[in-house]
Amino acid sequence: MNMSHFFHTKLFIGFSLFLVLVFMSCGEKTNHIDDAPRGNRTKYNFNLNWKFIKDNPQQAQVFDYDDSSWDVVSCPHTFNDIDTFDDYSPGHHDGESNQWRGTVWYRKHFKIEKEDEQKKVFIEFESVRQIAEVFINGVYLGKNQTGFIPFGYDLTPYIKFGEDNVIAVKVNNDRGDHFRKNAPLVWNHEHWHPTHGGIYRNVFLYTMDPLHITLPIYDNLKTVGSYVYTNNVSEESAEVYVETQVSNEYQVSKTFNIEIAIYDNKGLLVCKNKENQTVGAGEKVICNNQVLIQNPNLWSTRKPYLYTVHTIIKNGKGIIDVAKSPLGIRTFEFNKDSGFYNNGEYVKLHGWGQKPTNSWAGLGAALPDWLKDYTFRLMDEAGGNFIRWGHCAASPAEVAMGDKYGFVTLMPGVSGESEDHGKTWDIRIAAFRDMIVYYRNHPSIFIWEGGNWAESAEHYEQILDIIYDYDPNGYRLMGNRRADVKDCSEKYVSIEIGTEGWEGEYTNLPIIESEYCRDEAPRRAWDKYSPDDNFYSHPNIKRNTYKLSSEEFAIKQAYHWWNKIGKKPYHCGGANWVFSDGPHGGRCPTEVTRASGEVDAVRLPKEAFYALKAMWRPEPQVHIVGHWNYAKDTKKPMYVISNCDGVKLYVNNVLIGIDTIPDNGYVFEFTGVEWESGEVKAEAIINNEIRATQSKHTIGEPVAIKLTPIVGPRGWLADGSDVALIDVEVVDKEGNRCPLDKGRIDFEIKGPAIWRGGYNSGKEHSINNKFVDTECGINRVAIRSGLKPGKVIVSAKRKGIESAIIELESEEVNMVNGLTTEMPQVYSVVASNAEPLPVHTPDIPPYVPGVSNKSELFKKFSYTGDAPAKLRTNVFWGKKAYTDLPYNYTVIPKYLNGSEYVRIPNSDNNYWARDQLQFIAGADMIVYVGHDDRVARPEFLRESFEDTGDDVNLGKVTMSLFKKEAKAGESIVMAGNCDGDAPEDCRMYFVMAKKK
């Protein structure tokens, strides 16, 4: 197989027919999407009114099983919403494991009217975690165990029309004890994603004519729906191709018209095309249509313009079926030398990795679509235009959000962090196929991620075959994160998906970063000059890998972005890891989350959020990091982040200083600023012209609580799963939030709703309580609706300040026979005017890619620590051992003289990652590792290396020397210095290599 699979274009209809189609596309442009035909298809929201039991009773699938005592819930639903975010992170990248795991059951009663008896009935689950076994009226339909990929079933043979029917779903979320030994579902582990079990995404029911357009659901149904793609795209015109799978489940052949209607983002008809087609009884056929759009609006990160494609089946009796697909017309190029281009325009991609569970404190992974949209709106506000879904696929709603907000998307199937075999690989590769079939029409997806680890040649062949079969005209690239651990990868991947951004390993490939800036810091820890809120004083602080305040974390955003990605013209961009805090793989046991997010676990922004907004938004931006409520006599550095070329800082209108030489592109530092009560103000300038200002003021004493509700765009729906958020702030007499407030707030709730609460980031067991502490003067709680609409009253109080009370009204959802046509709500976003180009780009220093870290022995070397490592040749007496310590090699065994070696940052002595250091052996060689034996020897050293019996002294520390023989082409992967806790003053290991 060869790489032409990525650029294969099918032979299309002849030129004369094309002219006919162009002619046909020119008429009927007065029609509106609201007047478009509806057809004989009905899509029902199947989320409401399920019965649930957290148990595994026998015969629960049977139609007449008595479920009257079961709980009533609605989807999205998880049974792990109150047992997560409640334990301290174990540290060392282990996620929260203390969750309920086992088997539960869901049952839903519904009725389809007798008049629909001649229709087909299908059910779609957007996904269930982790293993779902589905029954209809007692009949077993099948099993899905991907946890993240949509699947469905044909219910028609088992439906009793006009009578009660029961869908039963048996769900299990259990997993193995260790993420590497969790076969076959290696990705179902809290190391990657908290094991939030349940029907945690949407469920839909469809009724259709027996002659219908199939659903893009391959699992079990083996159907592919429509495939929409473009060719010959320019500002003048674009060819649009639609391949539609039509199924005829009548007993006789059918002749019909298949019509394509394309509508613009205002709902106006742009063009039409119609073809005649015949399909035999019981057969499926692919129908091909082609239209030309003149002067198309192009989809871009700055203006994500979306068309809607209606595919229509007609016969003499009228409209039979209608299916809809998104259409974004765009071109793109990932260039290895100059970066990323969208429609010929250079774009630096910046954004986040995000876990597809999207965990939220108090809610777990079961979020209504509008709350996922709320997260996307925050990412958009902060200037994001790129997202990498971490290891496993996002939900359908979130992929559609990438379309509408203009986020270039790196999309995986399901994966842990391994090259898998046997049953695990079979599930993975099938899930990859199902994912591509479902999502291939989304214009925001530019890269398919084959896996989170390098594959064998055989596996790469299978990945590319699937792309060729199901997305041959998408022109998308494919890459695997950590492809550099396999020598064969270069033959198959078309883009390098980097890790931690220090260096590209493939000089012939473009690079996009999958996860950089993996540091952590809680929102509540302002800085070292502010009162401590259970962070520096936390009993676990010594075990933290990161001891960063919110201020330090914000400043580090610029350091990581600029040095790893921003100043490298050839680098396409990258994903900051991650956007929101969650209980997965944290390294700081002071926290109940992995605190790597720019927002916390209830989506309240940290200073890092505003720092990135000031760097990434195209309009002039400025942000003063921190607050202005310090103690008397405080003198501290003040940091201002701006995308302008200079900043002036004032205290009470007195100019403190002017900085026109930013650190790391965007950070303007003013040292020794003396605090005075009043105002600190920053003016951002370009060519000495003020382009943006920000002021922060000294806030008065706390006097009152302020409550602010947040509901979905259509209000708070009484559907049993919708959420209303309530921001609780403590304010001064002017209504300003008190930035140092951290006291307890107690709540009362009355009315038809379920309290879900919030959390405190540095306290255990804070979930689902009727109280929560403010952090930096604010926190956020949630309440979930029931199925009964009505008024809900929430009050909040704290002794000594004024209480607050608000009223919310949940709105009725029209449900009949367990079904509703009201779809889950999301924000309506229509791209109108394009965002401007960046107002200013910092000076980019000359940079020649690929000139450093090249070695004869350490091939495809990468280091994922918090600071870069450097490759050096010819070690001998006096050579520097670390990048950040003054110690030199003095007396070393003679056989080490002349070795190539790695100069590693000692600051990573307590940092752990499975793939902290990796390379391909460039020759038959011996690899040496020196290890500080005050630290427990890590697994990689115990299992793969042998003790030489020799020692090396480094700055009065004795390092035991280990060795391993490696063959040319062998992959060497080393984890952190210690698999558990290590002494704070321990020494990081060193690495050398010498030819045999």
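Residues numbered from 1 in each chain as written. Predicted model: local features only at pLDDT ≥ 70, side-chain atom pairs only at ≥ 80, totals over all residues. Heavy atoms only, no water.

### Some words on the confidence of the model for the protein
When pLDDT drops low, the exact placement of atoms in the prediction is not to be read closely. Mean pLDDT over the protein stands at 93; residues scoring 70 or higher make up 96%. The low-confidence segment residues 1-30 (pLDDT under 50) makes 55 contacts with residues lying over four places distant or belonging to another chain. (pLDDT = per-residue confidence, 0-100. Contact = heavy atoms within 4.5 Å.)

### Brief notes about empty space enclosed by the protein
Taken as a whole and assessed by the stated rule, the structure comprises eight cavities of 30 Å³ or more. Of all the secondary structure elements, the ones that give two or more residues to the lining of the largest cavity are β27 (496-498), β28 (511-516) and β46 (858-863). For the lining of the largest cavity, the per-class residue count stands at 10 nonpolar, six polar and six charged. When its volume is computed, the second largest cavity comes out at roughly 160 Å³. Residue lining of the second largest cavity: 19 residues in total, with Asn45, Leu717, Asp719, Pro824 and Gln825 positioned closest to the centre. Here the residues of the lining of the second largest cavity sort into nine nonpolar, five polar and five charged. (1 Å grid on protein atoms, 1.4 Å probe; cavity = no way out; pocket = protein on both sides within 12 Å on 5 of 7 lines; lining within 4 Å. Points joined across faces, edges and corners; volume = space filled by probe spheres on them. Helix = DSSP H or I, 4+ residues; strand = E, 2+ residues; numbered from the N terminus. Nonpolar A, V, L, I, M, F, W, Y, C, P; charged D, E, K, R; others polar.)

### Some points on the pairing of strand β5 (residues 120-125)
By the criterion of burial, β5 is predominantly enclosed, with six of the six residues buried. Of the two faces of β5, the one carrying Lys120, Phe122 and Glu124 and the one carrying Val121, Ile123 and Phe125 are both buried. The sheet contact formed by β5 and strand β8 (residues 151-154) spans four bridges and is antiparallel. Opposite Phe125, over in β8, you have Phe151 as the bridge partner. (Buried < 20%, exposed > 50% of the residue type's maximum accessible area, 1.4 Å probe, protein only. Pairing = 2+ DSSP bridges.)

### Re the layout of surface pockets
One number sums up the size of the second largest pocket: a volume of about 800 Å³. What lines the second largest pocket is a set of 32 residues, and nearest its centre among them are Trp526, Pro605, Glu607, Tyr610 and Arg737. For the lining of the second largest pocket, the secondary-structure elements that each account for two or more residues are α2 (369-381), α7 (607-616), β36 (689-697) and β43 (778-785). Among the elements that take part in the lining of the second largest pocket, α2 stands out by supplying five residues, more than any other. A per-class count over the lining of the second largest pocket returns 13 nonpolar, eight polar and 11 charged.

### Describing the sheet that holds strand β48 (residues 900-903)
Here six strands make up an open sheet; going across it, the order is β47-β48-β54-β50-β52-β51 and the pairing antiparallel. Each edge of the open sheet is held by one strand with a lone partner, namely β47 (870-872) and β51 (946-954). In this sheet, adjacent strand axes meet at a mean angle of 25° when their direction is disregarded. (Axes fitted to C-alpha atoms, helices over the stretch in contact; angles between N-to-C directions.)

### Description of the packing of aromatic side chains
For the structure shown, the criterion picks out 50 aromatic pairs. Ring plane angle 45° and centroid distance 4.9 Å describe the contact between Phe52 and Tyr106, whose orientation is recorded as tilted. In this pair, Phe52 sits in strand β2 (residues 50-53) while Tyr106 sits in strand β4 (residues 103-111), placing the two residues 54 residues apart along the sequence. Residue Phe52 is classed as buried on the basis of its relative accessible area of 6%. These aromatic residues form a ring-pair network of at least three members: Phe46, Trp50, Phe52, Phe79, Trp100, Tyr106 and Phe110. Over the aromatic face of Tyr250 sits the side chain of Lys254, whose NZ or CZ is 4.1 Å from the ring centroid. (Phe/Tyr/Trp six-rings, centres within 6.5 Å; stacked < 30°, edge-to-face > 60°. Lys NZ or Arg CZ within 6 Å of the ring centre and 35° of its normal.)

### Regarding helix α5 (residues 457-470)
When the terminal C-alpha atoms of α5 are compared, their 20 Å separation across 14 residues agrees well with the 20 Å that a helix rising 1.5 Å per residue should span. Where the residues of α5 are buried, they touch β12 (226-231), α4 (422-439), β25 (445-451) and β26 (477-480). (Expected span 1.5 Å × (residues − 1).)

### Regarding the environment of Gln290
Residue position: Gln290 is located in strand β16 (residues 284-294). Gln290 gets classed as buried once you look at its relative accessible area, which sits at 3%. For the pair Gln290 and Glu275, spaced 15 residues apart in sequence, the C-alpha to C-alpha distance is 9.6 Å. Polar contacts involving the side chain of Gln290 include one to the side chain of Tyr241, which spans 3.3 Å. (Polar contact = N/O pair within 3.5 Å; in protein donor to acceptor, adjacent residues only side chain to side chain.)

### Some thoughts on the side chain of Glu417
Topologically, Glu417 is positioned in the loop between β24 (408-412) and α4. Setting aside chain neighbours within four positions, we find Glu417 in contact with Trp192, Asn452, Trp453, Arg481 and Arg914.

### Some remarks on the sheet that holds strand β10 (residues 203-208)
Across the sheet, which stays open at both edges, the four strands sit in the order β1-β10-β5-β8 with antiparallel pairing between neighbours. Of all strands in the sheet, those bounded by a partner on one side alone are β1 (42-45) and β8. Sheet twist, expressed as the mean angle between neighbouring strand axes with direction ignored, is 20°.

### Brief notes about the nonpolar core
By size, the foremost hydrophobic cluster in this structure holds 103 residues, and its most contacted members are Leu371, Met411, Met435, Trp448 and Ile641. Once you skip the residues sitting within four places of it in the chain, Leu371 turns out to touch Trp360, Leu363, Val723 and Leu725. (Core = buried A, V, L, I, M, F, W, Y, C linked by side-chain atoms within 4.5 Å.)

### Regarding the environment of Glu239
Tracing the sequence through the fold places Glu239 in strand β13 (residues 237-248). Once the C-alpha coordinates of Glu239 and Ser415 are considered, the two residues, 176 residues apart in sequence, prove to be 35 Å apart. A distance of 2.4 Å separates the side chain of Glu239 from the side chain of Tyr241, its partner in a polar contact.

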